[in-house]
Each structure stands twice: as C-alpha cells, then as structure tokens.
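Here is what each chain is made of, one letter per residue.
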Amino acid sequence: MTKNILVLPGDGIGPEIVAEAVKVLDKLKADGLDISLDEGLVGGAAYDAKGHPLPKETLAQARRADAILLGAVGGPRYESLERPLRPEQGLLTLRAELQLFANLRPAILYPQLAEASTLKPEVVAGLDIMIVRELTGGIYFGQPRGVRELENGEKEGFNTLVYRESEIERIGRLAFEIARKRDRRVCSVDKANVLEVTELWRQTMIRVANDYPDVALSHMYVDNAAMQLVRAPKQFDVMVTTNMFGDILSDAAAMLTGSIGMLPSASLDAHAKGLYEPIHGSAPDITGQGVANPLATILSVAMMLRYSFGEAVAAERVEAAVGSVLDQGLRTPDIAANGQPTVGTAEMGNAVVAALNA
Ligand code: NAD
C-alpha cells in the first residue's frame, strides 16, 4: 500500500533543508519505494497564511498521513504573539493530538566528524546511542500544577510527577523492541532512590524485561547517567527515561556529537506512525543564506523508513549515502573544521542523491 508522507517545511531554514530531504524521497520513489507526498502549513508560516500555527486543514492532513516530515518552526517575528498562536504551540499541539508518546533521539557521531565534539575524539568517535524519552506524560503534563498564594502572601509553584504503569510499560516495550534491532542493551534511567514514581518506573521496567530475555536491562540514577554520558558515553546502547530526564539527557547527548545539524529525531504513536524532524530549530541567524546543513533532515527520512515503514534496507541506504558524502569531504559550514572548504545546502542534498545512485 502506498505510504502517504505529509511534508511540513515550517519556518526559517525549514523550507531549505526539507527541500533537500524531498529530493532524497523523490529519488527513493523513482527507485520503487511506494510513497506519495503531500505538503502542509505549520508554525509561523501557517500563522501568516491562516492566522493559526496549526490550521484545521494541517491537522486533518496529519491524521490522514502515515508519517510526517517536519523542518522547524519559530522565529523572532513570532515571539511577541500570545502563547496559543506561537509557532512552537502548533508543534506541541500536533504531537499531543497524534498521541506521539515516544521520542527517539539518536546521538550518533560519524567517525569523520570526531573532531567536531568538545570531548576527546577517543571518548566519542563512533558514538551511537539511542535515547527513548517518554513524551506525553510525567511532570510536564501532570495535574495539579500552578502557582498559588499561601496564607502569609508568599507564592508557591507546584507541578506533579505522575506515571501510570501502562504509560511506563508502553515506552519500556518500545525501548526493548528498538534494542533488539541494535546491541540488545537497555539502560533505564530513574531516580528510584528518591521518587516513588520512578520506583514504580523501575519495577515496571523489570517486569517488562521478562518478555525480552535476549535484551540486557540495567538501571542508572539520572545524576549518575548525566555524569556517565560525558565520562564514557560509548557504554550506552538504548537509554529509556521519563519526559523531563529525557529532555535534559538527550540534549546533553546531542552536544557530545558537536554537530546539531546532523541529528534526526522521531516521535511515534502506538502504531508506528511518526513525526520526523531534525533536533535543531529554525536557525534564523542563517536563514536564506543557503548554508544550513540538510543532513539531520535527510537522516530523519532514514528514521521514517526504519520506524514507520519497516524499510530497514532503504534506511541503511540513506545513512550510507550520508556517510559517503562525509567520506568525500563535503562539509556545510557547521561541520567544517577550521579552513576546510565548505558546500551549501543544495550542493549537500544533491551529493546525497548522487551517492544514492552510486
Ligand atoms: P536553533 O537550533 O535554531 O539554532 C542554534 C544554532 O545552531 C544556530 O547558530 C544555528 O545557526 C545553528 N543551526 C541549527 N540548525 C542548523 C543546521 N541545520 N545547519 C547549520 N547550523 C544550524 O536554536 P535557536 O536559535 O535556539 O532557536 C531558533 C528558533 O527555532 C526559535 O524560534 C526556537 O523556538 C525554534 N526552535 C524550534 C524547534 C523545532 O522546530 N522543533 C526546536 C528548537 C528551537
């Protein structure tokens, strides 16, 4: 059956990088991949055209699609809008409406770019971690929440960290399934020594692990995990954790690679439908200059092929093409070493398509 992909370029460099990823999709289609592409408006671009960052039409398109490819949203022009109309709100609503409960954030350091990290090359070269972050529960959504005034007039802010067993189980199962396609190791990150919720998290992970005897489960407190990520990150294969811990750890892991323009992400629902996007934002400082790195978006296409379409071979083909352009020495400015010649966004995209032909 034809897989329908909704393409949402968004704002800033979004349209520039998405155009290159679409070239890759067109090439795969020409080679026989059964896909169709649809395009829609989101973020500031949608606000400009329709007065809302997630117009009804876009949400309907997203519901119909099998997978969504997004560039980025946001920009200085929209920062003074009231909160519900801001571009980021469009993306948050989209994730919530589609019940995308699992955020997959790989931190991969291509050996060719080991010098780009702030850590020593031997600590990070060949790094390949997958962080699986719970995305629709935990303290970011728990009730009650707010700021109240106490009897003495002092203000008190409060949020609630809450997880049901079923929420923990479904993210746990996904982490184990992903580990089965990798090195078969899951490290569950919690704070079970202090927080009852994450004691339940740990017990649930242990129970789920019984169904995956071929995958090794370990546990780590979040403070230690933060330390280990910068001390010896290559010890990890799959890390699974709560919404807030994952938010923080995945950004730390991303920076280990030193190249924000290289990292894709996926947000999945319970049926492998996903929203795929680079982890970076709309980069207003380089918008329109034709220098943005399209590789994170192209690698997001590879994740889409693997996780939504079950096309592992096609995914590997795209990843190998990216590896090949790096081998050829092609670098956008963000990943170029001092003095190294650079290429622009379109040139990089074209090179990946050419490598797919090779
Ligand atoms: P950013 O990720 O847009 O940019 C941070 C730095 O990285 C900038 O110097 C930028 O030039 C560089 N960079 C980012 N992507 C790059 C690429 N592909 N190639 C080369 N360089 C790249 O983060 P920011 O500046 O904090 O945010 C800018 C806007 O993006 C804000 O409006 C923010 O809200 C939004 N944002 C959106 C998303 C999203 O759409 N998911 C994520 C983060 C930030």
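Below or above, wherever it landed, is the structure these notes cover. Since the structure is predicted, the reported quantities are computational estimates derived from the model, not experimental observations.

## Here's the deal with a nonpolar patch on the surface
- Judged by side-chain polarity, Y140, F141, M244 and I248 come together as a nonpolar surface patch covering roughly 360 Å² of accessible area.
- Tracing the backbone through its elements, the reader meets F141 in the loop between β5 (128-134) and β6 (146-149).
- By relative accessible area, F141 is classed as partly exposed at 43%.

## As for the pairing of β5
- Buried residues dominate β5, accounting for six of its seven residues.
- Across seven bridges, strand β4 (residues 102-108) lies against β5 in antiparallel orientation. Bridge pairing in β5 links N103 to R133.

## As for the nonpolar core
- Membership of the largest hydrophobic core comes to 86 residues, with the highest contact counts inside it found for V24, L104, V132, M262, Y276 and L305.
- Residue contributions to this core peak at nine residues, all from helix α10 (residues 295-307).
- One finds L54, A62, V73 and L100 within the second-largest nonpolar core, a separate group that totals 15 residues.

## Points about the packing of aromatic side chains
- Summed over the entire model, instances satisfying the criterion amount to three aromatic pairs.
- Taking the centre distance of 6.4 Å and the plane angle of 80 degrees together, the rings of Y47 and Y78 count as edge-to-face. One end of the pair, Y47, is in helix α2 (residues 43-50); the other, Y78, is in the loop between β3 (67-72) and α4 (87-97), and 31 residues separate them in sequence.
- Consider the rings of F176 and Y212, whose centres lie 5.0 Å apart with planes at 15 degrees: the pair is stacked. With a gap of 36 residues between them, F176 in helix α6 (residues 165-180) and Y212 in the loop between α7 (196-209) and β9 (216-221) connect regions that are remote in the sequence.
- A relative accessible area of 0% means that F176 is categorised as buried.
- The aromatic ring of F158 is capped on one face by R148, whose charged end is 3.9 Å from the ring centroid.
- Above the face of the F101 ring, R170 is positioned so that its terminal group lies 4.1 Å from the ring centre.

## Topic: the pattern of salt bridges
- As enumerated under the stated definition, the model contains 22 salt bridges in all.
- Put simply, E277 and R95 hold a salt bridge, and the shortest N to O gap is 3.0 Å. A residue pair is termed long-range when its members are at least 10 positions apart, and E277 in strand β12 (residues 274-278) and R95 in helix α4 qualify at 182 residues.
- Residue class for E277 comes out buried when judged on its relative accessible area of 7%.
- Of the charged contacts, one joins R182 and D128 as a salt bridge, the two residues approaching to 3.2 Å between their closest N and O atoms. With R182 in the loop between α6 and β8 (185-190) and D128 in strand β5, the pair connects residues that are 54 residues apart, well separated along the chain.
- On the basis of relative accessible area, R182 is assigned to the partly exposed category, the value being 24%.
- Taking relative accessible area as the criterion, D128 reaches 36% and is therefore assigned partly exposed.
- The structure contains a network of salt bridges with shared partners spanning E165, E169, R173, R207 and D211.

## What about the site of the ligand?
- Around the ligand sit 20 residues, and of these E88, G281, A283, D285 and N293 come closest.
- In this structure, G281 approaches the ligand through a main-chain N or O atom, which is 2.7 Å from an oxygen atom.
- Across the complex, the protein chains shield 68% of the 810 Å² of accessible surface that the ligand would expose by itself.
- Looking at the shell around the ligand, its residues break down into nine nonpolar, seven polar and four charged.

Reading the values: the criteria
Residues numbered from 1 in each chain as written. Predicted model: local features only at pLDDT ≥ 70, side-chain atom pairs only at ≥ 80, totals over all residues. Heavy atoms only, no water. Patch = residues over 30% accessible without salt bridge, like charges linked within 9 Å, V, L, I, M, F, W, Y side chains within 5 Å. Areas by Shrake-Rupley, 256 points an atom, 1.4 Å probe, with all protein chains shown as cover. Salt bridge = Lys/Arg side-chain N within 4 Å of Asp/Glu carboxyl O. Helix = DSSP H or I, 4+ residues; strand = E, 2+ residues; numbered from the N terminus. Buried < 20%, exposed > 50% of the residue type's maximum accessible area, 1.4 Å probe, protein only. Pairing = 2+ DSSP bridges. Core = buried A, V, L, I, M, F, W, Y, C linked by side-chain atoms within 4.5 Å. Phe/Tyr/Trp six-rings, centres within 6.5 Å; stacked < 30°, edge-to-face > 60°. Lys NZ or Arg CZ within 6 Å of the ring centre and 35° of its normal. Near = heavy atom within 4 Å. Polar contact = N/O pair within 3.5 Å; in protein donor to acceptor, adjacent residues only side chain to side chain. Nonpolar A, V, L, I, M, F, W, Y, C, P; charged D, E, K, R; others polar.

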